[in-house]
Structure formats: structure tokens, C-alpha cells
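Below, each chain spelled out in residue letters.
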Amino acid sequence: MKAADKHTLTEDAQGFALGVFLCALSLQFLTHAGLITGQTTGIAVIISYLTGWSFGLVFFVINLPFYILAYMRLGPQFTAKSLISVTALSALTLILPDHISFAQLSAPMAALTFGAMAGVGLLVIFRHNGSLGGLGVVALIVQDKTGFRAGYVQLCADAVIFGVALFLFPFIVVIWSLLGALVLNIIIAINHRRDRYIAT
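What you see is a predicted model, and the numbers here were worked out from it, not measured in a lab. (Residues numbered from 1 in each chain as written. Predicted model: local features only at pLDDT ≥ 70, side-chain atom pairs only at ≥ 80, totals over all residues. Heavy atoms only, no water.)

**Here we look at the environment of F78**
For F78, the position within the fold is in helix α4 (residues 76–95). A relative accessible area of 2% means that F78 is categorised as buried. Aside from chain neighbours lying at most four places away, what touches F78 is A70, N129, G130, S131, V137 and L140. (Helix = DSSP H or I, 4+ residues; strand = E, 2+ residues; numbered from the N terminus. Buried < 20%, exposed > 50% of the residue type's maximum accessible area, 1.4 Å probe, protein only. Contact = heavy atoms within 4.5 Å.)

Written out as C-alpha cells, the structure is:
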């Protein structure tokens with residue numbers, strides 16, 4: 001790959017800042033409506049709901065084992081970028097609730113907004129050779145090794161998480177949450193193509 005095709009440090013910085021901010025903001029819509037999602041984020045949200053622990057802290061801790069896998073399979077640069085993104089997201093989710101409130105937010109609108117914003121945010125992060133860690137790392141590895149889209153890998157993982165959620169939350173909560181996860185993953189599945197976007 002030509003050097004001109006690579007993102008500069010400044011481009012990476014603004015990309016991660018935008019992507020992480022959109023993902024953190026999307027979580028405000030999701031959690032305000034009491035909804036859940038899939039992937040590592042969903043696991044952290046569920047644990048946070050059930051225990052009262054901070055989402056940011058739970059999300060950060062859950063991601064720790066995946067950094068080893070990311071380092072071994074995707075390299076130190078990807079791992080460092082993912083660590084930065086996860087840490088920034090964890091911090092932002094602690095800060096944003098003090099600056100955002102909702103007078104009215106329906107579950108369907110929360111689900112759609114979450115899915116759209118998180119999907120775009122993750123695309124930006126992916127295109128700067130990073131991730132939000134966790135199962136997303138596994139999805140990217142599978143895509144690079146087999147060509148099976150990362151979004152579809154995540155849909156499979158989500159099916160398991162939402163199946164478990166049916167035993168923990170009201171059925172309607174799971175249904176609206178599933179809508180948000182579908183929107184998110186469809187956006188990634190359609191738009192995340194390394195063969196169409198060559199800059200890293």
C-alpha cells in the first residue's frame with residue numbers, strides 16, 4: 001500500500017474522536033430508554049442494569065482479555081487504537097449523562113437512533129484501523145480470514161445475547177432493543193468493505 005493511502009495521525013485522531021463520540025452519544029439514547037444491545041457493549045449494559053455498576057467501568061474491564069487476541073492477530077497498532085477508543089468511550093459514558101437529558105424518548109426512536117449513530121460511529125473507527133474491542137475484534141478477524149462480513153458475525157453473536165436477554169428482561173424491551181441492533185449491524189454489513197476502502 002502506498003504511503004499516500006495511509007491516514008495521517010491527525011486524520012486518525014479526528015476519526016476516533018468522532019467515532020467514539022457518536023457511539024457514546026448513542027448509548028445515552030439506548031440506556032435512557034432502558035434498552036439493551038448486542039456484542040461486548042450489550043454484555044456490559046446488561047451487567048450494569050443488573051448490578052448498578054457503572055457501564056463505563058464494566059465495559060473497560062470486559063474488554064481487557066480481547067486485547068491479547070487483538071495484539072496476536074491484528075497487531076500492536078490496531079490494539080493500541082482499540083485501547084484508546086475503549087478508554088475514551090468508557091470515560092465519555094460517565095461524563096455525558098451530566099450534560100444530556102430527555103423530556104420524551106420512545107423506545108422505538110431510542111432504538112433507531114442508537115442503531116444509526118452507533119453504526120456510523122463504528123464505521124468511522126473501523127476505517128481508521130481500530131475497534132471498540134471485545135467481540136468486534138473477533139468479527140474483524142473472521143472477516144479478514146474468511147471474507148464473511150463482520151456485520152454478519154456480530155449478528156450471530158447478538159442472537160445468543162438476545163436469547164439470554166429474553167430470560168432477564170420484558171419481551172417488549174428485547175424486541176425494541178433487537179431493532180436497534182439490527183439497524184447497527186446492517187449499516188456495518190453494507191458499508192464496511194475493506195476492498196472498497198483501502199486507506200488504513
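Next, the rest of the story.
**What about empty space enclosed by the protein?**
This structure, assessed with the given rule, holds 1 cavity of 30 Å³ or more. Contributing elements (two or more residues each) for the lining of the largest cavity: α1 (9–32), α2 (39–51), α5 (107–127), α6 (135–146), α7 (150–165) and α8 (171–191). (1 Å grid on protein atoms, 1.4 Å probe; cavity = no way out; pocket = protein on both sides within 12 Å on 5 of 7 lines; lining within 4 Å. Points joined across faces, edges and corners; volume = space filled by probe spheres on them.)

**Overview of α4**
Working note: α-helix, 3.6 residues per turn, so residues spaced by three or four point in the same direction. When the terminal C-alpha atoms of α4 are compared, their 29 Å separation across 20 residues agrees well with the 28 Å that a helix rising 1.5 Å per residue should span. For α4, the complete set of buried residues consists of F78, T79, K81, S82, S85, V86, L89, S90 and T93. Taken end-on, α4 shows its buried residues confined to a sector of 165°, consistent with a single buried face. In α4, those exposed residues whose orientation departs by more than 90 degrees from the buried face are P76, Q77 and I84. In this structure, the buried residues of α4 make contact with α1, α3 (55–74), α5 and α6. (Expected span 1.5 Å × (residues − 1). Arc of directions from axis to C-beta.)

**Observations concerning the nonpolar core**
Ranked by size, the top nonpolar core spans 49 residues in total, and within it L27, I36, F59, L89, L122, L132 and F169 carry the most contacts. Elements that contribute at least two residues to this core include exactly α1, α2, α3, α4, α5, α6, α7 and α8. Once residues lying within four places of it in the same chain are set aside, the contact partners of L132 are C23, F59, N63, S85, V86, L89, L122 and I125. (Core = buried A, V, L, I, M, F, W, Y, C linked by side-chain atoms within 4.5 Å.)

**Looking at the environment of G121**
Inspection of the secondary structure puts G121 in helix α5. Judged by relative accessible area, G121 falls into the buried class, the value being 0%. Through-space distance from the C-alpha of G121 to that of A17 is 9.5 Å; in sequence the pair is 104 residues apart. Not counting chain neighbours up to four residues away, the residues in contact with G121 comprise G19, L22 and C23.

**Here we look at the packing of α3 against α6**
Relative orientation of the contacting elements α3 and α6 amounts to 20°, with a least axis distance of 9 Å. Between α3 and α6, the crossing angle belongs to the class labelled roughly parallel. Of the two possible hands of crossing, α3 and α6 adopt the one that is left-handed. Between α3 and α6, the contacting residues are F66, L69, A70, R73 and L74 on the first element and L135, V137, V138, I141, D144 and K145 on the second. Class assignment for the residues of the contact of α3 with α6 results in 8 nonpolar, no polar and 3 charged. (Axes fitted to C-alpha atoms, helices over the stretch in contact; angles between N-to-C directions. Parallel < 35°, antiparallel > 145°, perpendicular 65-115°, else oblique. Left-handed = near helix turned anticlockwise from the far one by under 90°. Nonpolar A, V, L, I, M, F, W, Y, C, P; charged D, E, K, R; others polar.)

**With respect to the side chain of Q39**
Tracing the backbone shows Q39 in helix α2. Its relative accessible area of 11% is what places Q39 among the buried residues. When neighbours within four sequence positions are excluded, Q39 is seen to be in contact with L135, G136, Q154, A157, D158 and I161.

**Section: the packing of aromatic side chains**
Tallying each qualifying case throughout the model produces 3 aromatic pairs. Seen from their ring centres, Y49 and F169 are 6.2 Å apart, and the 75° between their planes marks the pair as edge-to-face. Linking Y49 in helix α2 with F169 in the loop between α7 and α8, this pair joins segments that are 120 residues apart in sequence. (Phe/Tyr/Trp six-rings, centres within 6.5 Å; stacked < 30°, edge-to-face > 60°.)

**Describing α2**
Between the first and last C-alpha of α2 there are 19 Å, a value that for 13 residues agrees with the 18 Å anticipated at 1.5 Å per step. Among all positions in α2, only Q39, T40, T41, G42, A44, V45, I46 and S48 are buried. Where α2 terminates, the next one or two residues include G52, which has phi positive at roughly 85°.

**Some details on a nonpolar patch on the surface**
A surface patch of nonpolar side chains, about 1,000 Å² in accessible area, is lined by Y49, L50, V160, V164, L166, F167, L168, F171, I172 and I175. When residues of the nonpolar patch are traced back to their parent elements, those giving at least two are α2, α7 and α8. No other element matches α8, which puts 3 residues into the nonpolar patch. Here F167 shows up in the loop between α7 and α8. By relative accessible area, F167 is classed as exposed at 76%. (Patch = residues over 30% accessible without salt bridge, like charges linked within 9 Å, V, L, I, M, F, W, Y side chains within 5 Å. Areas by Shrake-Rupley, 256 points an atom, 1.4 Å probe, with all protein chains shown as cover. Salt bridge = Lys/Arg side-chain N within 4 Å of Asp/Glu carboxyl O.)

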